[in-house]
Amino acid sequence: ELKVEQNPLFLSMQEGKNYTIYCNYSTTSDRLYWYRQDPGKSLESLFVLLSNGAVKQEGRLMASLDTKARLSTLHITAAVHDLSATYFCAVYPYGGATNKLIFGTGTLLAVQP
Amino acid sequence: GAGVSQTPSNKVTEKGKYVELRCDPISGHTALYWYRQSLGQGPEFLIYFQGTGAADDSGLPNDRFFAVRPEGSVSTLKIQRTERGDSAVYLCASSARGQGSNEQFFGPGTRLTVL
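Worth saying up front: this structure is predicted, and the values here are computed from it rather than measured. (Residues numbered from 1 in each chain as written. Chains lettered and ligands numbered in written order. Predicted model: local features only at pLDDT ≥ 70, side-chain atom pairs only at ≥ 80, totals over all residues. Heavy atoms only, no water.)

A few points about the overall build of chain A
And step 1. Secondary structure summary: chain A contains 0 helices and 11 strands in total.
And step 2. Counted from the first residue to the last, chain A has its helices and strands arranged as β-β-β-β-β-β-β-β-β-β-β.
And step 3. Relative to the compact-globule value of 13 Å for 113 residues, chain A shows a C-alpha radius of gyration of 13 Å, a close match.
And step 4. For the C-alpha atoms alone, the extent of chain A along its principal axes is close to 45 × 30 × 20 Å.
And step 5. Every one of the 113 residues in chain A was classed for burial, and the buried ones make up 50%.
And step 6. Sequence separation of at least 24 residues holds for 55% of the intrachain contacts in chain A that already meet a minimum separation of 6.
And step 7. Total accessible area computed for chain A in this model is approximately 5,500 Å², and 49% of it derives from carbon and sulfur atoms.
And step 8. The averaged location of the 9 negative side-chain charges in chain A is 4 Å from the averaged location of its 10 positive side-chain charges. (Helix = DSSP H or I, 4+ residues; strand = E, 2+ residues; numbered from the N terminus. Rg over C-alpha atoms; globule rule 2.2 N^0.38 Å. Buried < 20%, exposed > 50% of the residue type's maximum accessible area, 1.4 Å probe, protein only. Contact = heavy atoms within 4.5 Å. Areas by Shrake-Rupley, 256 points an atom, 1.4 Å probe, with all protein chains shown as cover. Lys, Arg positive; Asp, Glu negative; His and termini not counted. Charge placed at Lys NZ, Arg CZ, Asp CG, Glu CD.)

Examining the nonpolar core
And step 1. Counting 26 residues, the largest nonpolar core has A:Val4, A:Leu32, A:Trp34, A:Leu74, A:Ile76, A:Tyr87 and A:Leu109 as the members making the most contacts within it.
And step 2. Looking at this core, the elements with two or more residues in it are strand 2 (10-14), strand 3 (19-25), strand 4 (32-37), strand 5 (43-49), strand 7 (61-66), strand 8 (71-76), strand 9 (85-91) and strand 11 (107-112) of chain A.
And step 3. At 4 residues, the largest contribution of residues to this core is made by strand 9 of chain A.
And step 4. Excluding anything up to four places from it in sequence, A:Leu32 contacts A:Cys23, A:Tyr25, A:Phe47, A:Val48, A:Leu49, A:Leu65, A:Ser72, A:Cys89, A:Ala90 and A:Val91.
And step 5. By size, the runner-up hydrophobic cluster in this structure holds 20 residues, among which are B:Val4, B:Val19, B:Ile79 and B:Leu112. (Core = buried A, V, L, I, M, F, W, Y, C linked by side-chain atoms within 4.5 Å.)

Side note on the packing of aromatic side chains
And step 1. Per the stated rule, a full pass over the model turns up 10 aromatic pairs over all chains.
And step 2. Pairing A:Phe88 with A:Phe103 gives two aromatic rings, centres 6.3 Å apart and planes at 85°, and the pair type is edge-to-face. Of the two residues, A:Phe88 sits in strand 9 while A:Phe103 sits in strand 10 (residues 102-103), which places them 15 residues apart along the sequence. Both residues of the pair, A:Phe88 and A:Phe103, belong to the buried class.
And step 3. Where B:Tyr35 meets B:Phe45, the ring centres are 6.0 Å apart and the plane angle is 75°; that geometry is what we call edge-to-face. With B:Tyr35 in strand 4 (residues 31-37) and B:Phe45 in strand 5 (residues 44-50), this pair connects stretches of sequence that are 10 residues apart. The exposure classification of B:Tyr35 matches that of B:Phe45, with both residues buried.
And step 4. In this structure an aromatic cluster arises from ring pairing among A:Tyr35, A:Phe88, A:Phe103, B:Tyr33, B:Tyr35, B:Phe45, B:Tyr48 and B:Phe106. (Phe/Tyr/Trp six-rings, centres within 6.5 Å; stacked < 30°, edge-to-face > 60°.)

Some details on the state of the cysteines
And step 1. Under the definition given, this model contains 2 disulfides over all chains.
And step 2. Two residues share a disulfide in this structure: A:Cys23 and A:Cys89, whose sulfurs sit 2.0 Å from each other. Because the torsion about its S-S bond is 85°, the bridge between A:Cys23 and A:Cys89 counts as right-handed. One end of the pair, A:Cys23, is in strand 3; the other, A:Cys89, is in strand 9, with 66 residues separating them in the sequence. Each member of the pair A:Cys23 and A:Cys89 is classed as buried.
And step 3. One disulfide bridge connects B:Cys23 with B:Cys92, the sulfur atoms lying 1.8 Å from each other. Residues B:Cys23 and B:Cys92 are joined through a disulfide that is left-handed, its torsion about the S-S bond being -65°. With B:Cys23 in strand 3 (residues 19-24) and B:Cys92 in strand 9 (residues 88-95), this residue pair connects regions lying 69 residues apart in the sequence. (Disulfide = S-S within 2.5 Å.)

Let's talk about the layout of surface pockets
And step 1. Computed from the structure, the largest pocket encloses a volume of approximately 610 Å³.
And step 2. If you go around the largest pocket, you meet 29 residues; those closest to its centre are A:Gln37, A:Gly40, B:Gln37, B:Leu39 and B:Gly40.
And step 3. Those elements that place two or more of their residues in the lining of the largest pocket are strand 9 and strand 11 of chain A together with strand 9 and strand 11 (110-114) of chain B.
And step 4. Examining the composition of the lining of the largest pocket, we find that 3 residues originate from one element, strand 9 of chain A, more than from any other.
And step 5. Partitioned by chemical class, the residues of the lining of the largest pocket number 9 nonpolar, 17 polar and 3 charged. (1 Å grid on protein atoms, 1.4 Å probe; cavity = no way out; pocket = protein on both sides within 12 Å on 5 of 7 lines; lining within 4 Å. Points joined across faces, edges and corners; volume = space filled by probe spheres on them. Nonpolar A, V, L, I, M, F, W, Y, C, P; charged D, E, K, R; others polar.)

Note that every value here comes from positions in space, so none of it alone points to a role or purpose.
Rendered as structure tokens:
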């Protein structure tokens, strides 16, 4: 059974600091998705990573994928309060052959002024 | 264009009652998914439709849960004899399956509370 784990589960950081959220998954997949969720809201797509070595950046967020290590990272540069939210990674098992996204446990990010 | 929409946004019901939750996917998206999200957790897969048929219903927790998509667009998730443990946010997503990233786009969710 595919498991997706995120680390840390909760992150409190100061504005201007850098940090990385890690997403590990337990079986083969070559595509990984990052979503953001604000309290009481739905999921907003951030990044789609479709191959080993993929790197994508949007503003202060950068995501990467290492399929050999079964690891994705979401790096936050010079955090600002507006980035406070819960971040989920999600994986299609078996390289997208099936159709259900398996989500990680989520990382609650709180950026303090 | 319009995103995925879900109605109602909130539903409060009593234990034992029947509820229906509606999802209207992005126009042209052939794939539709239902997930359930409990407080503090990530979404959990329930069922996937490709067109009108349920291609994978392995996530439905028991036979009280049922979903339909009769015309390949709007879908309804039906829950019979609701239990307090069914309380959660029910999310719907759609994707243009078979094209590129197969990225799923989520609706705002229906918050179901069973008293």
